[in-house]
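Descriptive structure summary
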Amino acid sequence: MCKRGVFVVVFICLVILARAQQYAIVIKGGHVIDAKNHINEVMDVAIQDGKIARVAKNIDASKATQVVDAKGMYVTPGLIDAHVHVFYGTDPEHAYSNGTLAIVPDGFTFRTGVTTVVDAGSSGWRSFPQFKKQVIDNSKTRVLAFINIVGEGMRGGVYEQDTKDMDGKLAGMMARYYRDYIVGIKVAHYVGSEWTPVDEAVKAGTLANKPVMIDFGSSDPPLSIEELFLKHLRAGDIFTHCFGQLTDREAVLDVSSKKIKPFVWEAQKKGIAFDVGYGSISFAFSQAIPAMQNGFYPNSISSDIHVNSMNAAMKDMLNIMSKCMAIGMTLQQVVQASTWNPACEIKHEELGNLSEGGVADVAILNMRTGKFGFYDYTGYKVEGTQKLECEMTIKGGKIVYDLNGIVTPLVISNQRTMANDHEHQ
């Protein structure tokens, strides 16, 4: 029998076997961390029809088409990176809005356990349809978006300073029309002393029943974040770059006293979420270390990934999570801040958890031990003994990344196998 005939027979047998099995995938022996369901122990996870079928002890592996050996590893919901820039394009003058500073999502998500990203204002209320067609509709990664209150989005320069292009009504209408994709409104990069961007964004968020994410400050003198938190923002709004320390924006921690400012505690109690939004220069150990020593932890961890930040101190979500562990957060805290918390912030509670019947987005992480260096943009370095690494990512019940072939049997795609057969005939 020719190789192609053998392949057809094997393929048919696999199809028959798959139909006879109760589960498509069973993940065996991993330490499951699921904040929503209060799971933090060794358990098995079964997947069928793109959903979490069961989370329990000792699921029968013989009932699965494929088995993943996760012993000694951590099994978490697929990570949610709630601040990215993925409106990639070819125009170098468009910055993050159909420009060359944004990245293609699928190339940098699955290999780090990320299954969902939220573009943070790269597109605006005017350019979002193009972003959807160009990026969202062509990505295996689940791509959602905060749209910019500026109609053109993050084109840089004068485009992001035009208050006449900041229209709360039109932004809110766009968010309502694309409600399944737009999770909120973004304010960023405004250097003026007016509150127009914030107030128009809040108007849009109120109209669409969506949160507002604030990348605040480039004003001279800086606008008051106390006034921002207590007079302009609502419960559920998000303050990103929460550990930034720059001269043109007010910080949440007083560096002289090394204490979190009292009104910041009040804002968090009010319901404002504090997001890392690491970026290139928006995370400083001089803020993050004493903040955590004060007991102030970020509600969510996000990368602010783009061409520059990914090659600097930030790198990726797992590096940030490892860095946060090195300065005071537990593994359980960083997983919750990268899964369930951001899911709640963007009002997509169907994500970020391993509830039975829910979407099967799963990250399987290995914890490397050794000596690791974590630094910030100022050059300050912290040494850690643990570093997270992604072993496998499952998106919608399908394995989309497998670092070391930990699934049995390994299934090679039909297209690749037939191509190899053709080459050798």
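Scroll up a little and you will see the structure.
Anyway, here's the lowdown on the structure attached to this text. Numbering of residues begins from 1 in every chain and follows the order in which that chain's sequence is written. With pLDDT at 70 or above as the cut-off, local features in this predicted model cover only qualifying residues; side-chain atom pairs require 80 or more to be listed or tallied, and sums for whole chains, interfaces and linings still use all residues. Remark: hydrogens and water are excluded; side-chain values derive from all non-hydrogen atoms of the structure.

Observations regarding the environment of Val-191
Counting from the N terminus, the helices are the DSSP runs of H or I reaching at least four residues and the strands are the DSSP runs of E reaching at least two. Mapping Val-191 onto the fold places it in the loop between strand E10 (182-187) and helix H4 (196-208). Exposure is judged per residue with a 1.4 Å probe applied to protein chains only, and the accessible area is read against the type maximum: over 50% gives exposed, under 20% gives buried, and values in between give partly exposed. Among the residues examined, Val-191 registers a relative accessible area of 45% and is labelled partly exposed. Remark: the alpha-carbon pair of Val-191 and Gly-277, spanning 86 residues in sequence, is separated by 19 Å. Working rule for contacts: check all heavy atoms of both residues, and any pair within 4.5 Å makes them a contact. Here Val-191 is in contact with Gln-161, Ser-218 and Ser-219, once residues within four sequence places are set aside.

Examining the sheet that holds E10
On the basis of which strands lie adjacent, the open sheet formed by 7 strands has the order E6-E8-E9-E10-E11-E12-E15 and parallel pairing. In this open sheet, the two strands that pair with only one neighbour each are strand E6 (79-84) and strand E15 (273-274). The criterion for strand pairing is that DSSP finds at least two bridges linking the strands in question. In the sheet, strand E12 (residues 238-239) pairs with E15 via 2 bridges, with the strands oriented parallel. Looking across to E15, one finds that Ile-238 is bridged to Ala-273.

Focus on the layout of surface pockets
A 1.4 Å probe that fits but cannot get out identifies a cavity on a 1 Å grid over protein atoms alone, an open set with protein on both sides within 12 Å along at least five of seven lines counts as a pocket, and a residue lines either if it has an atom within 4 Å of a point. Grid points are joined across faces, edges and corners, and a volume is the space filled by probe spheres set on the points. By volume, the second largest pocket is sized at about 300 Å³. Lining the second largest pocket are 16 residues; nearest its centre among them are His-189, Asp-215, Arg-249, Ile-281 and Ser-282. Residue polarity follows a fixed list, in which Ala, Val, Leu, Ile, Met, Phe, Trp, Tyr, Cys and Pro are nonpolar, Asp, Glu, Lys and Arg are charged, and the others, Gly among them, are polar. The residue inventory of the lining of the second largest pocket, partitioned by class, reads 3 nonpolar, 9 polar and 4 charged.

Section: the nonpolar core
Grouping buried Ala, Val, Leu, Ile, Met, Phe, Trp, Tyr and Cys residues that are joined through side-chain atoms within 4.5 Å yields what is termed a nonpolar core. Grouped together as the largest cluster of nonpolar side chains are 88 residues, with contacts concentrated most on Phe-229, Phe-239 and Phe-274. Counting residues per element, this core draws most heavily on helix H8 (residues 317-326), which supplies 6 residues.

Some details on the packing of aromatic side chains
Pairing of aromatic rings covers Phe, Tyr and Trp, the last through its six-membered ring, and needs centres within 6.5 Å; plane angles under 30 degrees mean stacked, over 60 mean edge-to-face, and all others mean tilted. Applying the stated rule across the entire model yields 16 aromatic pairs. An angle of 80 degrees between the planes, with centres 6.4 Å apart, marks the rings of Phe-243 and Phe-296 as edge-to-face. Pair noted here: Phe-243 is in the loop between E12 and strand E13 (253-254) and Phe-296 is in the loop between helix H7 (285-293) and H8, with a separation of 53 residues, a long-range link. Just as Phe-243 is buried, Phe-296 falls in that class too. These aromatic residues form a ring-pair network of at least three members: Phe-229, Phe-239, Phe-243, Phe-263, Trp-265, Phe-274, Tyr-278, Phe-283, Phe-285, Phe-296 and Tyr-380.

Quick notes on unusual backbone geometry
Note that the residue after Thr-408, namely Pro-409, is joined by a cis bond; omega there is -5 degrees. Note that Pro-409 resides in the loop between strand E19 (407-408) and helix H11 (414-423). A positive phi angle, near 55 degrees, is found at His-38, a position not held by glycine. Position of His-38 among the secondary structure elements: in the loop between strand E1 (23-34) and strand E2 (39-48). With relative accessibility at 74%, the residue His-38 sits in the exposed group. The phi dihedral of Ala-95 is positive, around 55 degrees, even though this residue is not glycine. Relative to the helices and strands, Ala-95 is located in the loop between strand E7 (88-91) and strand E8 (114-124). Owing to a relative accessible area of 13%, Ala-95 belongs among the buried residues under this scheme.

As for H8
Of all 10 residues that make up H8, 9 are buried, and the element is covered over most of its length. Those residues of H8 that fall on the buried side of the exposure criterion are Met-317, Leu-318, Asn-319, Ile-320, Met-321, Ser-322, Lys-323, Cys-324 and Met-325. On the buried face of H8, the contacting elements are E6, E8, H7, helix H9 (331-337), strand E16 (362-375) and strand E17 (381-395). Between N or O atoms, a polar contact is any pair within 3.5 Å; within protein, one atom must be a potential hydrogen donor and the other a potential acceptor, and residues adjacent in sequence are included only when both atoms are from side chains. Measuring from the backbone nitrogen of Leu-318 back to the side-chain oxygen at the start of H8 gives 3.1 Å, which picks out Asp-316 as the cap. Just past H8, the residue Gly-328 takes up positive phi, approximately 135 degrees.

From the geometry alone we can't say anything about function, so treat these as descriptive.
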